[in-house]
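Read off the chains here:
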Amino acid sequence: MIDLPDLESLRCFVLAATYANFRTAARKAALSPAAFGARIRRLEEQFGQRLFVRTTRHVALTPRGAELLPQAKSCLDEAERCAEPLDREKPVPFDLCIGSRFDVGLRWVVPAFGPLERARPERRLHTAFGDVDDLLPRVFRDEVHCVLTSARLNDPKLVSAPFREIDYLFVAAPSLVKKNPLARPEDAGRHTLIDFDSDLPLFRFFSGARPAKESWTFRNQQYLSMIAAVRARVLEGVGVAVLPEFYVGEDIARRRLKVLVPGTKPKSNSLRAVWRKGHPYEAEIRDLASELAARAAGG
């Protein structure tokens, strides 16, 4: 290990460089001239080089001493800061990243950042968009601290808390269903169903609320991996889809979209906040999830 210089010797060195006189510097250090000179010699022995050129009346730094001076001052400044009492009332800044689907993040996460940051300026908030398969590995790498997801997760290393219930609506462009009404299973053969993939995860919220033996067979199916893309195609009049009510509520109010089979309420979906059990910031993550859920409940 490197033999580190002690702080008192460094302080003596800085005093000697400042006053350019060992006697004056020794008085400032409250040491005898002999003890002061011993500390300077100890430093010179440690560095293996002379730090001062001495005469009977004057002391000057050598090139090595001049090089050491700013480093010694910085070291002493840091040591003084370490000695200061910790301010337990001053919040310590920290970062939290919330992961979610794009639509959920834009609806409930990003709009909440302003009020949450003003309430807790030390809490620096970030977001990451993706699906649960992308985001969960990042939770375990501590890149994302909390994920909002409806996926059913049984990993004992994860903790979750309720976030919000998501309601869905079966919708289409009014012009599309005016030409080809869609009110019964047999009408589906005249329409294209738009969903995420061939498992039809969106349409299942509707079909799961219908009689078990009922079959809806569509003329075509189109798969788009983002809610925004599904909505865009439905607005275009290309097909029909089941979409989150929060995402198409305004479209319905402005009559850009129409609710299909209004007598059937599609099943809802539970969004949960998920994070790594035992995380150093678990209490902060739980508080943030609770605050986001409270704000989401209001809209």
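It should be noted that the structure appears before, not after, this text.
Residues numbered from 1 in each chain as written. Predicted model: local features only at pLDDT ≥ 70, side-chain atom pairs only at ≥ 80, totals over all residues. Heavy atoms only, no water.

Trainee: Can you tell me about the side chain of His279, naming the residues and giving the values?
Mentor: Inspection of the secondary structure assignment puts His279 in the loop between β12 (269-276) and α11 (282-297). Overall, His279 belongs to the buried group, its relative accessible area being 5%. Ignoring sequence-local partners within four residues, the contact set of His279 consists of Asp142, His145 and Ile285. (Helix = DSSP H or I, 4+ residues; strand = E, 2+ residues; numbered from the N terminus. Buried < 20%, exposed > 50% of the residue type's maximum accessible area, 1.4 Å probe, protein only. Contact = heavy atoms within 4.5 Å.)

Trainee: Quick one: what's the story with the nonpolar core, residue by residue and with numbers?
Mentor: Ranked by size, the top nonpolar core spans 57 residues in total, and within it Phe170, Leu182, Phe203, Trp216, Phe218 and Val240 carry the most contacts. Setting aside residues up to four positions removed in sequence, Phe203 forms contacts with Phe170, Leu193, Asp195, Trp216, Phe218 and Val242. (Core = buried A, V, L, I, M, F, W, Y, C linked by side-chain atoms within 4.5 Å.)

Trainee: Could you give me a rundown of the packing of helix α1 (residues 7-19) against helix α4 (residues 63-83), with the residues and numbers involved?
Mentor: α4 packs onto α1 with a crossing angle of 125 degrees between their chain directions and a minimal axis gap of 9 Å. In terms of orientation, α1 lies oblique with respect to α4. Crossing hand, α1 versus α4: left-handed. Touching Leu7, Leu10, Arg11, Phe13, Val14 and Ala17 of α1 are Gly65, Leu68, Leu69, Ala72, Lys73, Cys75, Leu76 and Ala79, all from α4. For the contact of α1 with α4, a count of residues per class yields 11 nonpolar, 1 polar and 2 charged. (Axes fitted to C-alpha atoms, helices over the stretch in contact; angles between N-to-C directions. Parallel < 35°, antiparallel > 145°, perpendicular 65-115°, else oblique. Left-handed = near helix turned anticlockwise from the far one by under 90°. Nonpolar A, V, L, I, M, F, W, Y, C, P; charged D, E, K, R; others polar.)

Trainee: Lay out the side chain of Asp187 in plain terms, naming residues and giving numbers.
Mentor: With respect to the helices, strands and loops of the structure, Asp187 is situated in the loop between α7 (174-179) and β8 (192-195). Take Asp187: its relative accessible area is 5%, and that puts it in the buried class. Look past the residues within four positions of Asp187 in its chain and what remains in contact with it is Pro181 and Leu182.

Trainee: Go over the pairing of strand β7 (residues 168-172) with me, naming the residues and quoting the values.
Mentor: Each regular strand carries side chains that alternate between the two faces of the sheet. Judged by how many residues are buried, β7 sits mostly within the fold: 5 of 5 residues are covered. Here β7 shows no split at all, with Tyr168, Phe170 and Ala172 on one side and Leu169 and Val171 on the other all buried. With 4 bridges connecting them, β7 and strand β10 (residues 241-244) associate as antiparallel partners. Counted as the bridge partner of Val171 is Ala241 from β10. Both β7 and strand β11 (residues 258-259) contribute to a ladder of 2 bridges, which runs antiparallel. If you follow Val171 over to β11, its bridge partner there is Val259. (Pairing = 2+ DSSP bridges.)

Trainee: Lay out the sheet that holds β7 in plain terms, naming residues and giving numbers.
Mentor: Read from one edge of the open sheet, 3 strands run β10-β7-β11, paired in antiparallel fashion. With partners counted over all chains shown, the strands left at the sheet margins are β10 and β11, one partner each. In the packing of helix α9 (residues 227-235) onto the sheet, contacts are made with β7 and β10, and the angle to β10 comes to roughly 130 degrees.

Trainee: Please set out the packing of aromatic side chains residue by residue, giving values where relevant.
Mentor: For the coordinates displayed, the defined rule picks out 16 aromatic pairs. Residue placement shows Arg64 over the ring face of Phe47; its charged tip is 5.1 Å from the ring centre. One residue, Arg231, lies across the ring of Tyr247, its end atom 6.0 Å from the ring centre. (Phe/Tyr/Trp six-rings, centres within 6.5 Å; stacked < 30°, edge-to-face > 60°. Lys NZ or Arg CZ within 6 Å of the ring centre and 35° of its normal.)

Trainee: Account for the pattern of salt bridges, naming residues and giving values.
Mentor: Scanning the entire structure with this criterion turns up 25 salt bridges. The partner of Glu8 in a salt bridge is Arg11, and the shortest N-O contact between them spans 2.9 Å. Taken together, the residues Glu8 and Arg11, both in helix α1 and 3 residues apart, mark about one turn of the helix. A relative accessible area of 35% places Glu8 in the partly exposed class. Given the relative accessible area of 31%, Arg11 is considered partly exposed. Notably, a salt bridge pairs Glu284 with Arg120, separated by 3.0 Å at the nearest N-O pair. Taken together, the positions of Glu284 in helix α11 and Arg120 in the loop between α5 (102-119) and β4 (123-129) put the pair 164 residues apart, joining distant regions of the chain. (Salt bridge = Lys/Arg side-chain N within 4 Å of Asp/Glu carboxyl O.)

Trainee: I'd like a description of unusual backbone geometry, backed by residues and values.
Mentor: With a phi close to 55 degrees, Ala20 is a non-glycine residue in the positive phi region. Tracing the backbone shows Ala20 in the loop between α1 and α2 (22-28). Positioned with a positive phi, Asp142 is a non-glycine residue whose angle comes to about 65 degrees. You can see Asp142 is positioned in the loop between α6 (132-140) and β5 (146-149). Its relative accessible area of 36% is what places Asp142 among the partly exposed residues.

Trainee: Explain the sheet that holds strand β6 (residues 158-166) residue by residue, including any values.
Mentor: Pairing in this open sheet of 5 strands is mixed, and the strands run β4-β3-β5-β12-β6 from one edge to the other. Two strands in the sheet have a free side with no partner beyond their single neighbour: β4 and β6. On average, adjacent strands in this sheet sit at an angle of 20 degrees to one another, irrespective of strand direction. Note that β5 and β12 share 3 bridges and pair antiparallel. Looking at the pairing, Thr149 lines up with Arg272 of β12. Sitting on the sheet, α5 is in contact with β3 (94-100), β4, β5, β6 and β12, with an inclination near 170 degrees to β4.

Bear in mind that shape data such as this cannot, by itself, settle questions of function.
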